[in-house]
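Residues per chain, in single letters:
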Amino acid sequence: MQQRRSARIPAVVAVLALAGVGVAGCGSSGKSDTGASSSGGGAKKYDITLITGVKGDAFYGSLACGAKQAADRLGATLNVQGPDRFDPSLQTPIVNAVAAKKPDAVLIAVTDSKAMYAPLKQLASQGTKIVLVDTTLDDPSLAAAEVSSDNVAAGGLAAREVAREAGRSGSVLTVDVNPGISTTAARVNGFKAAAKSIGFSDLGVQYTGDDPAKASSVVTSTLAAHPDLAGVFATNTLTGEGAATGLRSAGKAGKVRLIGFDANPSGVEAIQRGVAQAQVVLKPLDIGYQGVEQAINALSGKPVTKKILTGATVATRQNLDDPSVKRYLYTNSCS
Ligand code: T6T
């Protein structure tokens, strides 16, 4: 399988508004380097749909911005949809409804690595090219390409950040979403391996169903049972929001270190307020851009890079305004 690391994408030039399930028009289009063209020349204007993991999450907002930028540049149309919760039972009917419209390609962040296989197999069998973005399937062979963060490496970054903040002793807790999500499971694996080599006592993983209230209560009960708790690792936005609430309500904000994932506005605010010391920031803009590029390569018979891993960086109070971090803070409105 071909694999490459992501290159930085050009600056976003398009301006678009993301309104829940769609992107409103923007920016430039025209002859692309894939040969697809939005006007004249007789080349087909490809019709692409992006199905996100959940509506309203600025991670997917940024991913949609990147996808829209590539679609405009390469002369494709982009439609964006997503379920109300990160839940395969809500995402499956969206895939089925999209399939009925027979788009040329679908980019999708699957909400479960097993449950989303059957609806996508059906979609692929009708000839729609599928590009898995962010998350993946246990069996991704139906996809033309996969574009995701290097989540194992990013989980390791989080463990090293706990050690930098809190020293190399004490116990660490991981607050996760659900089993069956490829991204957060890989983050947990990367965190675990690094925490072990650092010498932390690992209290293991607690699942919260992406419910911040559950994440908060997991943190407060762990604090009561483990006074040596040095750090909490939260694997995504809502687990981080809940963990921050738990630390605040126990009077431990800033004392027990919180290292989260994602640069959604709530994660950035937690850093600014000193409740979280760092957030691992992914590059959803790059994922969306490169996902559309690979979809169009597949559609136009060009060589496809089957697996692309994008990078991550760490945001702290000290570097939040640094342009190399700032450009990757997530947003639902592109500029
Ligand atoms: O962390 C991201 C994404 O990578 C993950 O797959 C699901 O949660 C997020 O969308 C953040 O909320």
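Each chain has its residues counted from 1, running along the sequence as written. Given that the model is predicted, a residue must reach a pLDDT of at least 70 before its local features are reported, and side-chain atom pairs must reach 80 or more before they are shown or counted; all residues, however, enter totals for whole chains, interfaces and linings. To obtain the side-chain values, all non-hydrogen atoms of the structure were included, while hydrogens and water were left out.

Chemist: Sorry, what's going on with the site of the ligand here?
Modeler: All residues adjacent to the ligand are Asp57, Phe59, Tyr60, Phe86, Asp134, Thr135, Thr183, Arg187, Asn236, Thr237, Asp262 and Leu282. With respect to the ligand, the side chain of Asp134 contributes an N or O atom lying 2.8 Å from an oxygen atom. Shrake-Rupley sampling with a 1.4 Å probe provides the accessible areas, and residues are treated as covered by the protein chains on show and by no other component. In isolation the ligand offers 310 Å² of accessible surface; the protein chains occlude 97% of this area. Helix numbers and strand numbers start at the N terminus; a helix is a DSSP run of H or I with at least 4 residues, a strand a run of E with at least 2. If you list the elements that add at least two residues to the shell around the ligand, you get α1 (58–74) and α5 (182–198). It suffices for a single heavy atom of a residue to lie within 4 Å of a molecule or strand for the residue to be listed as near it. Counting of polar contacts relies on pairs of N or O atoms within 3.5 Å, with two restrictions inside protein: one atom must be capable of donating a hydrogen and the other of accepting it, and residues adjacent in sequence are counted only when both atoms are side-chain atoms.

Chemist: Before we go on, may I ask you to explain the environment of Gln272 in this structure?
Modeler: If you trace the backbone, Gln272 turns up in helix α8 (residues 265–272). Taking the C-alpha atoms as reference points, Gln272 and Leu320, 48 residues apart in sequence, are found 8.8 Å from one another. Filtering out sequence-adjacent residues up to four positions away, Gln272 remains in contact with Arg317 and Leu320. Contacts are assigned to residue pairs with any non-hydrogen atoms lying within 4.5 Å of each other.

Chemist: Honestly, the sheet that holds strand β11 (residues 229–234) in this entry has me stumped. Any pointers?
Modeler: Within a sheet, each strand pairs with its neighbour through backbone hydrogen bonds, oriented either parallel or antiparallel. The six strands are arranged β10-β9-β11-β12-β13-β15 in an open sheet whose pairing can be described as mixed. Whereas interior strands pair on both sides, the edge strands pair on one side only; in this sheet they are β10 (201–207) and β15 (312–316). Strand-to-strand, the axes of this sheet are offset by a mean angle of 20°, without reference to chain direction. Pairing between strands is defined by DSSP: at least two bridges between the two strands are required. Where strand β9 (residues 171–176) and β11 come together, five bridges link them in parallel fashion. Bridged to Ser171 within β11 is Leu229. For helices, the fitted line uses only the C-alpha atoms of the stretch in contact; every axis is such a line through C-alpha atoms, and the angle between N-to-C directions lies from 0 to 180 degrees.

Chemist: I'm lost on the state of the cysteines in this one. Help?
Modeler: Among covalent bonds in proteins, the disulfide is the one between the sulfur atoms of two cysteines. To count as a disulfide, a pair of cysteine sulfur atoms needs to be within 2.5 Å. All chains considered together, the criterion is met by one disulfide. Cys65 shares a disulfide with Cys334; S-S distance 1.8 Å. The disulfide joining Cys65 to Cys334 has a torsion of about -85° about its S-S bond and is therefore left-handed. With Cys65 in helix α1 and Cys334 in strand β16 (residues 333–334), the pair connects residues that are 269 residues apart, well separated along the chain. Burial classes: relative accessible area under 20% of the type maximum marks a residue as buried, over 50% as exposed, and values in between as partly exposed (1.4 Å probe, protein chains only). Overall, the relative accessible area of 2% leaves Cys65 in the buried class. Cys334 gets classed as buried once you look at its relative accessible area, which sits at 7%.

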